[in-house]
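# A look at the structure
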Amino acid sequence: STPPKVEESPVKKSRHLEKTMLLALDAHSGHDLDTAIKLYGDLLGMRLQREIRSMVYNHRGMAYFAKGELPRAISDFSRAIHYNPESGRSFTNRGLCYRLSQKTEKALSDFATAISIDPLQADAYFGKAQTYRDIGQYGKAINNCKKSLEINPNYQPAIELARDLEDKLL
């Protein structure tokens, strides 16, 4: 007969989770994306609270995004949203992927949802500005740049985009 399985203590599980997360984040920040993706996958195989699972999916989505794997990134951001529908960051990230995939309506919808969750998310306004610029709606693009800059006056990408858009309108 087989010996009974010994459960890991909650403290030991917690330490393993924390260690794996730190290793994943370290690999991610060091641009070792394949290792980060593997470690995020290891984490997703663990028992996690919904908000932690959402965060891990969001981070793995960012790693896929950095590798240019937009469909996988969109899938992970969608899973992050499933586990935490109040994650404005996940909506912003998915909106960016949709924008780059030329799915304009989905991008604008995700940016709008992100803003409704967190009206102080400058990145979501900037994403909307870029999307409107992409489809030639420069007035709406400038308005969203201005909203982004009201939140973060030193946000250089929004400053540059607003300047470029104003030149187009003159």
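In the block above lies the structure referred to throughout.
So, here is what we can say about the structure in this document. (Residues numbered from 1 in each chain as written. Predicted model: local features only at pLDDT ≥ 70, side-chain atom pairs only at ≥ 80, totals over all residues. Heavy atoms only, no water.)

## Quick word on the overall build of the protein
Secondary structure summary: the protein contains nine helices and zero strands in total. Secondary structure of the protein in N-to-C order comes out as α-α-α-α-α-α-α-α-α. Referenced to the eigenvectors of the C-alpha coordinate spread, the extents of the protein come out at roughly 80 × 30 × 30 Å. Buried positions account for 41% of the 170 residues belonging to the protein. In the protein, 45% of the contacts between residues at least 6 apart in sequence involve partners at least 24 apart. Total accessible area on the protein is roughly 10100 Å²; 52% of this is exposed by carbon and sulfur atoms. Computed over 25 positive and 21 negative side-chain charges, the inter-centroid distance for the protein is 5 Å. (Helix = DSSP H or I, 4+ residues; strand = E, 2+ residues; numbered from the N terminus. Buried < 20%, exposed > 50% of the residue type's maximum accessible area, 1.4 Å probe, protein only. Contact = heavy atoms within 4.5 Å. Areas by Shrake-Rupley, 256 points an atom, 1.4 Å probe, with all protein chains shown as cover. Lys, Arg positive; Asp, Glu negative; His and termini not counted. Charge placed at Lys NZ, Arg CZ, Asp CG, Glu CD.)

## Considering unusual backbone geometry
Of note, the phi angle at His 31 is positive, near 65 degrees, even though the residue is not glycine. Even without being glycine, Gln 102 reaches a positive phi, approximately 60 degrees. Within the fold, Gln 102 resides in the loop between helix 5 (88-100) and helix 6 (104-117). Judged by relative accessible area, Gln 102 falls into the exposed class, the value being 71%.

## Description of the environment of Ile 151
With respect to the element layout, Ile 151 can be found in helix 8 (residues 138-151). As a C-alpha pair, Ile 151 and Tyr 125 span 26 residues in sequence and 9.6 Å in three-dimensional space. Setting aside chain neighbours within four positions, we find Ile 151 in contact with Pro 119, Leu 120, Gln 121, Ala 122 and Tyr 125.

## Section: the pattern of salt bridges
In a structure, side chains of opposite charge can pair up when their charged atoms sit close to one another. Applying the stated criterion across every chain, the model contains ten salt bridges. For the salt bridge of Glu 69 with Lys 67, the shortest nitrogen-to-oxygen distance reads 3.5 Å. On the basis of relative accessible area, Lys 67 is assigned to the partly exposed category, the value being 35%. (Salt bridge = Lys/Arg side-chain N within 4 Å of Asp/Glu carboxyl O.)

## Overview of the nonpolar core
Grouped together as the largest cluster of nonpolar side chains are 25 residues, with contacts concentrated most on Tyr 40, Leu 43, Val 56 and Cys 97. With seven residues, helix 2 (residues 33-44) is the single largest residue contributor to this core. Those residues in contact with Val 56 that lie beyond four places of it in its chain are Met 21, Tyr 40, Leu 43, Leu 44 and Leu 48. In terms of nonpolar packing, the next biggest core, distinct from the first, is built from twelve residues, Ala 141, Ile 142, Ala 162 and Leu 165 among them. (Core = buried A, V, L, I, M, F, W, Y, C linked by side-chain atoms within 4.5 Å.)

## Concerning helix 5
Along an α-helix, residues three or four apart share an orientation, since each turn contains 3.6 residues. An ideal rise of 1.5 Å per residue puts 18 Å on 13 residues; helix 5 measures up with 19 Å between its terminal C-alpha atoms. Helix 5 sits mainly inside the fold: ten of its 13 residues count as buried. Within helix 5, the full set of buried residues consists of Gly 88, Ser 90, Phe 91, Thr 92, Asn 93, Arg 94, Gly 95, Cys 97, Tyr 98 and Arg 99. Tucked inside the fold, the buried residues of helix 5 contact helix 3 (50-66), helix 4 (70-83), helix 6 and helix 7 (122-134). Following helix 5 by one or two positions, Gln 102 adopts a phi angle in the positive range, close to 60 degrees. (Expected span 1.5 Å × (residues − 1).)

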